[in-house]
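So you can see what is in the structure, the chains are spelled out below.
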Amino acid sequence: MLYPRIIPCLLVKDNGLVKTVNFKNPKYIGDPINAVRIFNEKEVDELIVLDIDATLEKREPDYIMIENLASECRMPFCYGGGVTTSDQVQKIVQLGVEKVAISSAAIENLNLVTKAAKCVGNQSVVVVLDVKKRSVDGKYEVWTHNGLKNTGKLPSELALQMERLGAGEIVINSVDNDGLMKGYDLALVETVRESINVPLTILGGAGSLHDIGQLINKYGTIGAAAGSLFVFKGVYRAVLINYPNRAEKDGLIKENYRIS
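Below is a summary of the structure that appears in this document. (Residues numbered from 1 in each chain as written. Predicted model: local features only at pLDDT ≥ 70, side-chain atom pairs only at ≥ 80, totals over all residues. Heavy atoms only, no water.)

### Examining helix α5 (residues 110-120)
1) Next: The set of residues buried in α5 consists of Leu112, Val113, Ala116, Ala117 and Val120. Down the axis, α5 shows its buried residues gathered within 130° of arc, on one side only.
2) Next: Buried residues in α5 make contact with α3 (86-94), β6 (99-102), α4 (104-108), β7 (125-133) and α6 (155-165).
3) Next: One or two residues past the end of α5 sits glycine 121, with phi positive at roughly 95°. (Buried < 20%, exposed > 50% of the residue type's maximum accessible area, 1.4 Å probe, protein only. Helix = DSSP H or I, 4+ residues; strand = E, 2+ residues; numbered from the N terminus. Arc of directions from axis to C-beta. Contact = heavy atoms within 4.5 Å.)

### Side note on helix α8 (residues 209-219)
1) Next: Of all the residues in α8, the buried ones are Asp211, Ile212, Gly213, Leu215, Ile216 and Tyr219.
2) Next: Those residues of α8 that are buried are in contact with β1 (5-13), α7 (186-193), β11 (200-203), β12 (223-226) and α9 (246-256).
3) Next: Count one or two residues on from α8 and you reach glycine 220, which has phi positive near 70°.

### With respect to the packing of α8 against α9
To describe two helices that pack against each other, one gives the angle between their axes and the distance between the axes.
1) Next: Between α8 and α9, the least distance of the axes is 9 Å, while the angle of their chain directions is 35°. Every pair of crossing elements has a handedness; the one defined by α8 and α9 is right-handed. Two secondary-structure elements touch here, α8 through Leu209, Ile212, Gly213, Ile216 and Asn217 and α9 through Leu252, Ile253, Glu255 and Asn256.
2) Next: Looking at the contact of α8 with α9, its residues break down into five nonpolar, three polar and one charged. (Axes fitted to C-alpha atoms, helices over the stretch in contact; angles between N-to-C directions. Left-handed = near helix turned anticlockwise from the far one by under 90°. Nonpolar A, V, L, I, M, F, W, Y, C, P; charged D, E, K, R; others polar.)

### Description of unusual backbone geometry
1) Next: In this structure, asparagine 25 is a non-glycine residue whose phi angle is positive, near 50°.
2) Next: When you line up the elements, asparagine 25 lands in strand β3 (residues 24-30).
3) Next: In the Ramachandran plot, arginine 237 falls in the positive-phi region, its phi being about 55° despite a non-glycine side chain.
4) Next: Accessibility expressed as a relative area gives 25% for arginine 237, which makes it partly exposed.

### Some details on the pairing of strand β8 (residues 140-144)
1) Next: Across the five residues of β8, five count as buried, placing the element largely inside the fold.
2) Next: In β8, alternate side chains face the same way, and those of Tyr140, Val142 and Thr144 on one face and Glu141 and Trp143 on the other are all buried.
3) Next: Alignment of β7 against β8, held across four bridges, turns out to be antiparallel. When the bridges of β8 are listed, valine 131 appears paired with valine 142.
4) Next: Connecting β7 to the next strand, β8, in antiparallel fashion are six residues, including glycine 138 with a positive phi near 80°.
5) Next: Relative to strand β9 (residues 149-150), β8 runs antiparallel, the two being bridged by two bridges. When the bridges of β9 are listed, threonine 144 appears paired with lysine 149.
6) Next: If you look at the hairpin formed by β8 and β9, you'll find four residues sitting between the two strands, and histidine 145 has a positive phi there, around 55°. (Pairing = 2+ DSSP bridges.)

Written as structure tokens, this is what we have:
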């Protein structure tokens, strides 16, 4: 039986750990390897690591960095950034990564998701959709290339298409809420949740465990991912790698999760 997952998401730039706000102004906050070691001790459910510049710079994934991270990880590990071919997906999985996230390339080359799923299995193929809300009418659209290129496509339609092509999980990442720590965009979740049957993970905006609890309470079996929440502490956003302890996490799930 699937249960809610609470997932730290780390952003990497030039091999360093960074954090952004609305996908802009990356702030260096430390060494990703050290963060992974701390998360090991805290027994996190899963870890997502995204290389935020690989696609923009049109370069392959950094396999040395990925191997180093995978060798340290003691939890399920999802890597994304610069992935454009099924051969790359296979190579990353062979390095010890459980899931490979594809974003821009999945939308530009629909066959990629299907080929990747055939190579490594649907469960290892994750499609990340970066979403912005239009100010004119409030509709949501999927953007690529770090939120610079508008596809004009609805996240609900793309999510369903990616599921049909073979994706085993969809990650919806709110560009508008990224780094703000003011809560998830639940209206965005609503537009996608009923469209797909594969696991859904939500990223962007979590500022407290209450936000995660609210997401789980409303949507049940879901991935609650967060970046700032698990790398900053307090109103002054001091860098501190953190995660709820077992009692806190179990209490959060018990209080909010209802098996239907």
